[in-house]
Amino acid sequence: MSQALRNTLLSLRDLIVSAGPLAFLAVGLLVLAYWWLNPNPPKTVTLATGPAQSAYEEFGKRYQKALAADGIEVTLLPSEGSSHNLQLLREGKADVAFVQGGTAELLPDDPDELVSLGNLFVEPVWLFYRTETAQRMYNTPRLDGLRQLRGLHVNVGSQGSGVPTLMERLLEANKVERGAVKLSRLDQTPATVDFLAGKLDALVFASAPESLMVQMLLQTPGVQLLDFAQHEAYARRFPFLTPVTLPRGVVDLASNVPVRDVRLVASTTSLLAREGTHPALFTLFAQNAQKLHGGAGWFNRAREFPNARNSELPIAKEADRAMNEAVPMLQRYLPFWIANLIERMWLVLGILLAIMLPLSRIVPPLYQFRVRSRVFRWYGRLREIESDMETGRANTAELLKALAALEAQAEKVSVPLSYADELYALRNHIHLVRKKLLRVSEAGEPRPLPEAAVP
């Protein structure tokens, strides 16, 4: 090994030993901060969706695909609807869920356990009825209000969907007596089969237009969609409802479906989450909501959703930032997990830097002490030789031999170039003691050396 390389390795070793404790402390504090903050989200999250072939299921698949790009596996949990989703959140079986505004009863302690990630889209109340039923009951192909449902067999969806509760409130507002309408609570698919088979007179969905059942029924001959002519009045009576209009031809321009504007009432669906869910997941869901729900639809213009208007629950701060602020700069250029790690750890890193900078001042003196100690420790031996010479405890030959051995040891000492003057000073002092020893030997008697001979 060359002398230059040996010197370099020794200097590196001294530096590592000097700065090692400080570096170990910094790494330990970082590990502790990482464990405490838990900045990166879990790799899996459970999203409660809805019945098969519903809009909730379709949106769930879109979120699943979107979050997979960031390494998050979204497990879709089918449910009966909004009320069931709310129950799954309370029981801890789901982390995030679609919940329809006003159709699921909120408990008094929900605001402390649940947060909203924003309103995503409107879900109109789709009340489909058979043309032949309207003709038979009222001698007209179209119904004009909920009061005309008296005597009909109507499916209002499963209990977990929240639609039964909504329909009971709407029928009560129209002074339709309990029992005047025969209500059934079948799931969407069997209810649609019975409706098309003539076993049901009408059926009610509360769903986004992306629902396959809604898309199919809107284009089925002999099926009509109830026009809520009083939709503005409904919105005034029920704050969770919004008046919307299905424009003429929006379903199929070529076939002019529907043939006229249809007035509807709609509730707003939100993405709710448990408050204990990892904040980074809130950010991911809220940011992807901008992409999945920010476009124009049948009932909204572009960038109307997601929003935080009239939210029944507190809005998570991560969702609020995603809706009202631009995407953080780091997330534009770095993978999400790296950007999230930096964003959540930057304060801790700043504190650690403020602590470590003053402590780092001890590293140069410690390094200097370690390097100089390799030279200065031989001065102890040099003092012993000088003391033996002054007291006459050893003869000249022994002392010269000891000085030669000391000089040989000094020649093996390696120090950085910036400390070479310390090494050459040691060699010079050895030479000075040798000269004094020879002079004393020539004089034939011991004579004290000047104190300046050895520093």
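A brief report on the enclosed structure follows. (Residues numbered from 1 in each chain as written. Predicted model: local features only at pLDDT ≥ 70, side-chain atom pairs only at ≥ 80, totals over all residues. Heavy atoms only, no water.)

1. Remarks on the nonpolar core
The test is simple: As used here, the term nonpolar core means buried Ala, Val, Leu, Ile, Met, Phe, Trp, Tyr and Cys residues forming a set that is joined through side-chain atoms within 4.5 Å. The classification of residues rests on relative accessible area computed with a 1.4 Å probe and restricted to protein chains. Under 20% of the type maximum is buried, over 50% is exposed, and intermediate values are partly exposed. Helix numbering and strand numbering both begin at the N terminus, where a helix is a DSSP run of H or I of at least 4 residues and a strand a DSSP run of E of at least 2. Whether two residues touch is decided by their heavy atoms; if any such pair falls within 4.5 Å, the residues are in contact.
Counting residues in each nonpolar core, the largest one holds 51 residues, and the members touching the most others are W126, F128, L146 and M167. Counting only elements with at least two residues in this core, the list comes to β4 (114-130), α6 (163-173), α7 (188-196), β7 (202-206), α8 (212-218), β8 (223-225), β9 (241-246) and β10 (262-274). No other element matches the six residues that β4 contributes to this core. Not counting residues up to four positions away in its chain, the partners in contact with F128 are F195, D201, A202, L203, F205, V214, L217, L218, V223, Q224 and L225. Formed by 31 residues, the second largest nonpolar core is a distinct cluster that contains Y56, Y63, I72 and M323.

2. A short note on a nonpolar patch on the surface
Which entries qualify depends on this criterion: Patches here are clusters of residues that have more than 30% relative accessible area and form no salt bridge, with a 9 Å joining cutoff for like charges and a 5 Å cutoff for nonpolar side chains (Val, Leu, Ile, Met, Phe, Trp, Tyr). All accessible-area figures derive from a Shrake-Rupley calculation using a 1.4 Å probe, and residue coverage is judged against the displayed protein chains alone. We count a salt bridge whenever a side-chain nitrogen from Lys or Arg sits within 4 Å of a carboxyl oxygen from Asp or Glu.
Side chains of L25, I351, I355 and L359 sit close together on the surface and give an oily, nonpolar patch of about 320 Å² of accessible area. In terms of residues, the nonpolar patch owes the most to one element, helix α13 (residues 336-359), which gives three residues. With respect to the element layout, I355 can be found in helix α13. Accessibility expressed as a relative area gives 40% for I355, which makes it partly exposed.

3. Notes on the pairing of strand β2 (residues 73-77)
Applicable threshold: When DSSP finds two or more bridges between a pair of strands, those strands are recorded as paired. For the handedness criterion, the strands are oriented away from the viewer, and a crossover whose path from the first strand over the helix to the second runs clockwise is classed as right-handed.
Bridge analysis of strand β1 (residues 44-48) against β2 gives five bridges, and the strand direction is parallel. Considered in β2, the bridge of T44 is made with E73. In this region the chain leaves β1, passes through helix α2 (residues 55-68) and returns to the parallel neighbour β2; the handedness of that crossover is right-handed.

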